[in-house]
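# Summary of the model geometry
Read off the chains here:
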Amino acid sequence: MYVSSLLFVCLGWGRKRMEMEMSLGGGMEGGAAYLFTLVALVVGFLVYFYAPYWGLRKVPGPPTTPLVGHLPLLAKHGPDVFSILAKTYGPIYRFHMGRQPLIIIADAELCKEVGIKKFKSISNRSLPSPIAGSPLHQKGLFFTRDSRWSAMRNTIISLYQPSHLASLIPTMQSYIESATRNLSKAEAEDVTFSDLSLKLATDVIGQAAFGVDFGLSKEGSPDKPNKDDEVSAFIKEHIYSTTSLKMDLSGSFSIILGLLIPILQEPFRQLLRRIPGTADRKIDQTNLRLSSRVNKIVAKRACEKQRGSKDFLSAILNARESDRASSDLFTSDYIGALTYEHLLAGSATTSFTLSSILYLVSQHPEVEKKLLQEIDAFGPHDLIPTAEDLQHKFPYLDQVVKEAMRLYIVSPLVARETSQKVEVGGYVLPKGTWVWLALGVLAKDHKNFPEPHVFRPERFDPACDEEKRRHPYAHIPFGIGPRACIGQKFSLQEIKLSVIHLYRKYVFRHSPQMESPLEFQYGIVLNFKHGVKLQVIKRSIT
Ligand code: HEM
């Protein structure tokens, strides 16, 4: 703010002086005025551009390229760049996304310092440029800030109590069973399991968040979702926005500009969203349609007298009606954003993890054997595990899930922003500094995970030395501290139930069409570039 005002002051002052000089009529003076304006412009630009760097100049980091910062390094090495730089510059270093410096935290103890010990000074998330123009995304829990965030989180957290999660088991199980029935037909041919798992996770969270059966994973009706037109149209829009219209860094010109010269992002977004065919317009239109559909679903549910309390939307509406403080907090736009956020946060993440597990287990027969033994030993195949069973009676499955989440971590970077001046790792960070926790670097650090690229679930066995020696915050795929993932237990319950049910009926092998090495797509969350393609083999004891 201060820097951009400076730029405009420089520009204005240069112009005034030029007018003065011209009115004096001197040719030489006119030249000097031009020169002065030019110098003022260059100085203003340099101040604007380097100001964010100045407060952080003592934090180590590689030399930056003007305008683009370290983006060429990101283009060259991909996401491995953060591990490579940590080796050279240590556990805390500077990385410039265009003009915006990030402080990268690549050490478990420092993550604890940022995420827990200094939480009061670093409690919010920085707002990435793709989200900047979308209230639907900004008003969820993820990007709300300070007291509004804590008040919202305190209310919502009650919906994640163990008793509520346990009550969701029959619903989860019925979706898992119906999705698995799709596989019986696939025995003769290969199946893109990642597509099926996305439909399953969307159905489960659709029921848990909206109380609506989207019907995506039902046998034989993958393309005929819910009969309710509004809900159907909403799902189509949602799937389009998360698959075809990737709101990632390559999304639009204004987003890229926002990285380089943030003050130009909003004016350009406003301009480009009016021009047909631009990515900005497509994103804007999709956001508008999604918001309006979510608002209609919320408004309709708000009018229902007998809405129950099992799903997230109904529970929040009930809280709003029964309590004054909640009614101020949960206005319709916030409720819509929170509910939609659940769908967004809970579908791609859970589905990616489930697909990773199947991909990895299919490649490791010794892991598959131990997993099958544990699943079979639990009891007859129609005995559905309770929430308690899932937590205590499947220790090897627990290790398999942890190891898959370590190897293919859904969110390799987790964002924070300082709300006041604070010291981290021996460096003073000014207010407004973007601090990003590099969970992906921690997960591949051989100090904590010897042979980090090997899939070995046993490394998480509580009895093994590696597990005992490891830093307690070395493996944090759900984040850390009061801002950690609210859906952790929900998704682990769903993932474990799914794996148990799938492996009671089938084992899987990679399809010959599965690429090797595996290719990823880096969007809002990590995803498989070409999907996980598997052969489905029916087990003889079912
Ligand atoms: C495998 C599944 C999942 C993974 C790996 C995952 C990962 C994460 C991570 C890394 C964060 C950021 C934590 C931090 O900043 O410290 C997060 C936040 C969040 N997640 Fe998840 N998540 C998953 C599933 C879910 C589900 C199922 C839901 C909803 C039901 C959900 C809702 C949220 C929300 C609302 C936040 C923001 C919390 C806040 O700011 O207070 N996530 N998640």
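Residues numbered from 1 in each chain as written. Predicted model: local features only at pLDDT ≥ 70, side-chain atom pairs only at ≥ 80, totals over all residues.

Secondary structure assignment for the protein chain yields 23 helices and 11 strands. Taking all 542 residues of the protein chain together, 40% fall into the buried category. (Helix = DSSP H or I, 4+ residues; strand = E, 2+ residues; numbered from the N terminus. Buried ≥ 20, exposed ≤ 12 C-beta atoms within 10 Å, placed from the backbone.)

A separate point is the UniProt feature "binding site: heme" (unreviewed entry) in the protein chain. When the UniProt feature table is mapped onto this chain, "binding site: heme" (unreviewed entry) is found at Cys485. Among the structural elements, Cys485 can be located in the loop between helix 22 (465-469) and helix 23 (488-505). Those residues in contact with Cys485, other than ones at most four positions away along the chain, are Phe478 and Gly479. (UniProt positions renumbered as here; feature names shortened; annotations may be inferred. Contact = placed C-beta atoms within 7 Å.)

Below, the discussion takes up the nonpolar core. If you look at the biggest cluster of nonpolar residues, it comprises 110 residues, and the most contacted ones within it are Ile104, Ile105, Cys111 and Ala438. Those residues in contact with Ile105 that lie beyond four places of it in its chain are Ile92, Leu110, Cys111, Val114, Val435, Trp436, Leu437 and Ala438. (Core = buried A, V, L, I, M, F, W, Y, C linked by C-beta atoms within 7 Å.)

Here the focus is the UniProt feature "transmembrane region" (unreviewed entry) in the protein chain. In the numbering used here, UniProt assigns the feature "transmembrane region" (unreviewed entry) to residues 32-51. The span residues 32-51 is 100% helix and 0% strand, and its two end C-alpha atoms sit 28 Å from each other.

Now for the sheet that holds strand 3 (residues 191-192). Taken in spatial order, the three strands line up as 3-11-8 in an open sheet, and their pairing is antiparallel. Strands at the two margins of the open sheet, each flanked by one partner only, are strand 3 and strand 8 (506-510). Sheet topology note: the strand 8/strand 11 (residues 533-538) ladder contains five bridges and is antiparallel. Across the sheet, the residue bridging to His510 is Leu534, located in strand 11. (Pairing = 2+ DSSP bridges.)

This part covers unusual backbone geometry. Geometrically, the link from Ser516 to Pro517 is a cis peptide bond, its omega value of 0° lying close to zero. Structurally, Pro517 is set in the loop between strand 8 and strand 9 (520-522). Located in the positive-phi region is Asp146, a residue other than glycine, with phi close to 50°. On the secondary structure map, Asp146 appears in helix 7 (residues 146-156). Residue classification places Asp146 among the exposed positions, given that 10 C-beta atoms sit within 10 Å. For Glu451, which is not glycine, the phi torsion reads 50° and is therefore positive. Classification of Glu451 as exposed rests on a count of 9 C-beta atoms within 10 Å.

Around the ligand, a shell composed of 24 residues is seen, among which Gly346, Thr349, Gly479, Cys485 and Gly487 lie nearest. Broken down by class, the residue content of the shell around the ligand amounts to 12 nonpolar, nine polar and three charged. (Near = placed C-beta within 6 Å. Nonpolar A, V, L, I, M, F, W, Y, C, P; charged D, E, K, R; others polar.)

Bringing the sheet that holds strand 4 (residues 414-417) into the picture now. The mixed open sheet is built from four strands, whose spatial order is 1-2-7-4. The sheet is open, and its two edges are formed by strand 1 (92-97) and strand 4, each paired on a single side. Taking each pair of neighbouring strands and ignoring which way they run, the sheet shows an average axis angle of 30°. Together, strand 1, strand 2 (100-105), strand 4 and strand 7 (434-437) form the strand contacts of helix 5 (residues 108-117), whose direction differs from that of strand 7 by roughly 130°. (Axes fitted to C-alpha atoms, helices over the stretch in contact; angles between N-to-C directions.)

Below, the discussion takes up the environment of Ile263. Here Ile263 is to be found in helix 13 (residues 262-272). Ile263 sits 215 residues away from Tyr48 along the chain, and the two C-alpha atoms are 9.8 Å apart.

Let's shift gears to the environment of Lys296. Considering the arrangement of structural elements, one finds Lys296 in helix 14 (residues 279-303). Here Lys296 falls in the partly exposed class, since 15 other C-beta atoms lie within 10 Å of it.

Glancing now at the confidence of the model for the protein chain. The share of residues in the protein chain with pLDDT of 70 or more is 86%, and the mean pLDDT across the chain is 85. In the predicted structure, residues 1-22 sits below a pLDDT of 50 and forms 32 contacts with residues beyond four places in sequence or in another chain. The low-confidence segment residues 245-250 (pLDDT under 50) makes 13 contacts with residues lying over four places distant or belonging to another chain. (pLDDT = per-residue confidence, 0-100.)

This part takes up the packing of helix 15 (residues 312-322) against helix 17 (residues 332-363). At a closest axis distance of 10 Å, the pairing of helix 15 and helix 17 adopts a crossing angle of 155°. For the element pair helix 15 / helix 17, the angle class is roughly antiparallel. Once helix 15 is placed against helix 17, the crossing between them reads as right-handed. Taking contact as the criterion, the partners of Phe312, Leu313, Ile316 and Leu317 in helix 15 are, on helix 17, Ile335, Leu338, Thr339 and His342. The class makeup of the residues in the contact of helix 15 with helix 17 is six nonpolar, two polar and no charged. (Parallel < 35°, antiparallel > 145°, perpendicular 65-115°, else oblique. Left-handed = near helix turned anticlockwise from the far one by under 90°.)

To continue, consider the packing of helix 17 against helix 23. The geometry of helix 17 relative to helix 23 is characterised by a closest axis approach of 10 Å and an angle of 35° between their N-to-C directions. Crossing angle aside, the handedness with which helix 17 passes helix 23 is right-handed. Between helix 17 and helix 23, the contacting residues are Gly346, Thr349, Thr350, Thr353, Leu354 and Ile357 on the first element and Phe490, Ser491, Glu494, Ile495, Ser498 and Val499 on the second.

The next subject is the pairing of strand 2. Extensive coverage of strand 2 is indicated by the burial of five of its six residues. As paired elements, strand 1 and strand 2 share six bridges and run antiparallel to each other. Each residue of the ladder has a partner; that of His96, found in strand 2, is Pro101. One ladder, built from four bridges, connects strand 2 with strand 7; its direction is parallel. By the bridge assignment for strand 7, Ile103 is matched with Val435.

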